[in-house]
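Here are the chains, one letter per residue:
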Amino acid sequence: MSEGLGEEVKTNPQGDVITAAPAPTKEAKKGAAAQRVVDPDYLFLQAPREKTFITGSEAAKEAIRRANVDVAISYPITPQSETMQQVGYLYAEGYVKDYYRGEEEYGVMSAIAGASRSGVRCLSATAGPGLMRGLEVISSWPGGRLPAVLLIMCRVINAPLAIQPDNVELSYMLNTGCLLFHAENQQDFYDYSLAAFMIGEKPEVTLPVAVAVDGFFVTHARGWVSLPAADIKLPPRDCYHEAVPMMDNENPPIRISRDAPIQKSNFISYQMHASWQQEIWAAQERSRKWIDRWLGGLIEVVNPKAKIMIVASGSAVSQSREAVRQAAEQGLEVGLVKIKSVRPFPADEVRAALDHAEKIIVPEFNYVGWLAKEVKSTIRGSERVISGPRVFGGMSMPTELILEYIMGTPNRR
Amino acid sequence: MNQTQEPAYRVVTGPEGLLPPAAAIMGIHLPEDGEGLVEGRIVPEEKAMEAAAIAMLTRKNPTLFPGPLMLWGWNDHTIEKSAPFFDVANEIPGVRIIPMPDYRPIYPKIDPEAVINPCHPNLTIWHNKIEACIFIGVHCHFANITLKMIRAGTNCYTIALCAEAGHEDAMASVPNFTAEKLKNFAETLRRVKKNGVKPLYEGQGIIPSGWAQIAGLTGANMVKPAEEMVEAGFSHDLEKGLDENEE
């Protein structure tokens, strides 16, 4: 082992070896400089695409490359770290204008709030316990009408500590006021992340968008992703056409407050706060039009006439697709409703898709069954819903498990 | 966006009660360019302008509420709107102009003759007995929360001429409201008058904000709103509470 002798090894104060990627080449930097702005409709729907076989983290990187992001701030946590490391390369190459590691998630999410208030396009990403730590601030974003994109790479949040896949953290995101999309695979993670910027920044929406994906199953696994050319990007954020004024200290009037201190103890203050909260959820409703346009709807339905229907989001959709195929091999038609947008929840669409169903199965990667609860509270005849199968704590979901629920419900007569 | 099914909910003048729902939650969709909203129904743009014009000409104490995007020269778009804004004002006899200069709450008490504020817009509506108003140049978030509070406690017919996507919570709204559309609205006002709509305050001019102060300085007394306004009401009687200021 003489190869390393004599070479200087850099370490941080804790003694960890510092590794560094090589500086970006001139060619790589030319790529960012040569990008041209195109219409979002073209980028999302019309631009020619080529297939590539990449991980979910790399798919997110490709979305950010084309998103014209001004500032990306995060704190590393598994399994998000790889994506934000990739975004670091984009910063070095000039695709992202500013990029740094915050002190921890509370500070990160606060910094994103400040950056968004100043009118720039913002990105952060986190996972599991990191999301929990940042949640207080994240919950304040919608009320501040702060467009930003938050990538959530789901993992276990609770003790005993684990880093494995589990999307229970999304149940905490349901009532924050953020839009919430749940990507099935690498392709979705690319498409949803990129469209999220434009949807959240629409004047009538002006809300943060969280794009969730199941950690490891998608972030660390490769899948086919169709990508448009890297020489095109979204238009920059147009903060002068949003629902609230940006904090602009260089142009008058500089002192227009956007977050009124309405904590006075009188009915008028209460009423204003109530009306403000209503407006956040009204803005969510207005996002439906853009989700329909750029993501092809809030849901996708497979075999719509089947008597047995599965409802799923995230990577449970992929497992369900395979279960549907295997059931068909056995001569049984099973349908599938893929929930793309968890917030706004596609209540009308889900009701229509499940109206005829005799049995509704909701497989989930978490213990609490948040999606089953959403479905039960939405449809007529909630006794048709079988809340399961569920796996959690990092377990995978064999398609045979879903098939068991299709053929009969375990331990039920 | 075309509505496939007409929602049952209608956005009509209040008082609607303690806390009306946001119209968007009740299934009211925003209009596309070239369309407008009247009482929650999507109509051609010219129909929405006509409804707005009739309300402003025939209801009591019509008032224009210009917001920061109208009052300040943020960009070319806001600057080019100022002249047609006064064209519109000149076509509405007896119109008041009360600005919403910013969105900070004004404590302990606003001057409702001088300003309207999104934290307590109903105070300005009540004090001036306003039964028709236009919001223009107000950032959408603050316009929406204001519109809901006005619908809750007043009988004011609200109109939102919006530079962006429009407002479900107004009784009449037109999106993408450019300077050109503002000129068209002035023309609509002229047309409906020509077609027989008689303005309630025929012969009167523009009443600037702070009318009481101006009247005090000049001795003029022709602008004070005399008409009684509908009381805010709820679906049940409220118990009279303790008077916190009682000694």
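Residues numbered from 1 in each chain as written. Chains lettered and ligands numbered in written order. Predicted model: local features only at pLDDT ≥ 70, side-chain atom pairs only at ≥ 80, totals over all residues. Heavy atoms only, no water.

## Some points on the overall build of chain A
- The secondary structure content of chain A amounts to 14 helices and 16 strands.
- Viewed in the frame of its principal axes, chain A has a C-alpha envelope of about 75 × 65 × 45 Å.
- With 413 residues in all, chain A has 56% of them scored as buried.
- Counting only contacts in chain A whose residues sit at least 6 apart along the sequence, the fraction spanning at least 24 positions is 80%.
- Looking at chain A as shown, the accessible area adds up to about 17,400 Å², and 52% of this sits on carbon and sulfur atoms.
- Computed over 44 positive and 48 negative side-chain charges, the separation of the two mean positions in chain A equals 4 Å. (Helix = DSSP H or I, 4+ residues; strand = E, 2+ residues; numbered from the N terminus. Buried < 20%, exposed > 50% of the residue type's maximum accessible area, 1.4 Å probe, protein only. Contact = heavy atoms within 4.5 Å. Areas by Shrake-Rupley, 256 points an atom, 1.4 Å probe, with all protein chains shown as cover. Lys, Arg positive; Asp, Glu negative; His and termini not counted. Charge placed at Lys NZ, Arg CZ, Asp CG, Glu CD.)

## Things to note about the confidence of the model for chain B
- Averaged over all residues, the pLDDT of chain B is 87; the fraction at 70 or higher stands at 83%.
- Scored as a whole, the predicted complex attains pTM 0.91, and scored at its interfaces, ipTM 0.90. (pLDDT = per-residue confidence, 0-100.)

## Here we look at the sheet that holds strand E5 (residues 122–126) of chain A
All names here are of chain A.
- Within the open sheet, the 7 strands sit side by side as E4-E3-E5-E6-E8-E7-E14. Their pairing is mixed. With one partner strand each, in any of the chains shown, strand E4 (98–101) and strand E14 (341–343) form the two edges of the open sheet. Adjacent strand axes in the sheet meet at a mean angle of 20° when their direction is disregarded.
- On the sheet, helix H6 (residues 128–138) packs against E5 and strand E6 (149–154) and is oriented at approximately 150° with respect to E6. (Pairing = 2+ DSSP bridges. Axes fitted to C-alpha atoms, helices over the stretch in contact; angles between N-to-C directions.)

## As for the environment of Asn122 of chain B
- The residue Asn122 of chain B is located in helix H5 (residues 121–128) in this model.
- Beyond its immediate stretch of four places on either side in the chain, Asn122 of chain B contacts Gln271 of chain A together with Met149 and Thr154 of chain B.

## Considering the pattern of salt bridges
- Scanning the entire structure with this criterion turns up 39 salt bridges over all chains.
- Across the salt bridge formed by Lys289 of chain A and Glu32 of chain B, the nearest N and O atoms sit 3.2 Å from each other. With Lys289 of chain A in helix H10 (residues 288–295) and Glu32 of chain B in the segment before strand E1 (35–38), this pair bridges two chains.
- Residue classification places Glu32 of chain B among the partly exposed residues on the basis of a relative accessible area of 31%.
- We note a salt bridge from Lys181 of chain B to Asp33 of chain B, for which the minimum N-O separation is 2.8 Å. Taken together, the residues Lys181 of chain B in helix H7 (residues 179–194) and Asp33 of chain B in the segment before E1 connect sequence positions 148 residues apart.
- On the basis of relative accessible area, Lys181 of chain B is assigned to the buried category, the value being 10%.
- It is possible to trace a salt-bridge network through shared partners that takes in Arg145, Glu279 and Arg286 of chain A together with Glu16, Lys148, Arg151, Glu168 and Asp169 of chain B. (Salt bridge = Lys/Arg side-chain N within 4 Å of Asp/Glu carboxyl O.)

## Overview of the packing of aromatic side chains
- The full count for this structure, using the stated rule, is 11 aromatic pairs over all chains.
- Ring geometry for Phe85 of chain B versus Phe86 of chain B: centroids 5.4 Å apart, planes at 85°, classification edge-to-face.
- A relative accessible area of 43% places Phe86 of chain B in the partly exposed class.
- Three or more aromatic residues link up through ring pairs in this structure, and these residues are Phe44, Trp290 and Trp294 of chain A.
- Sitting above the plane of the Trp290 of chain A ring, Lys202 of chain A keeps its charged end 4.1 Å from the centroid. (Phe/Tyr/Trp six-rings, centres within 6.5 Å; stacked < 30°, edge-to-face > 60°. Lys NZ or Arg CZ within 6 Å of the ring centre and 35° of its normal.)

## Description of the packing of helix H4 (residues 82–90) of chain B against H7 of chain B
Residue and element names in this part refer to chain B.
- Where H4 meets H7, the closest approach of the two axes is 9 Å, and the angle between their N-to-C directions is 15°. One element, H4, and the other, H7, form an angle in the roughly parallel class. Classified by chirality, the crossing of H7 by H4 is left-handed. Of the residues in H7, those in contact with Pro84, Phe85, Asp87 and Val88 of H4 are Ala179, Leu182, Lys183, Phe185, Ala186 and Leu189. (Parallel < 35°, antiparallel > 145°, perpendicular 65-115°, else oblique. Left-handed = near helix turned anticlockwise from the far one by under 90°.)

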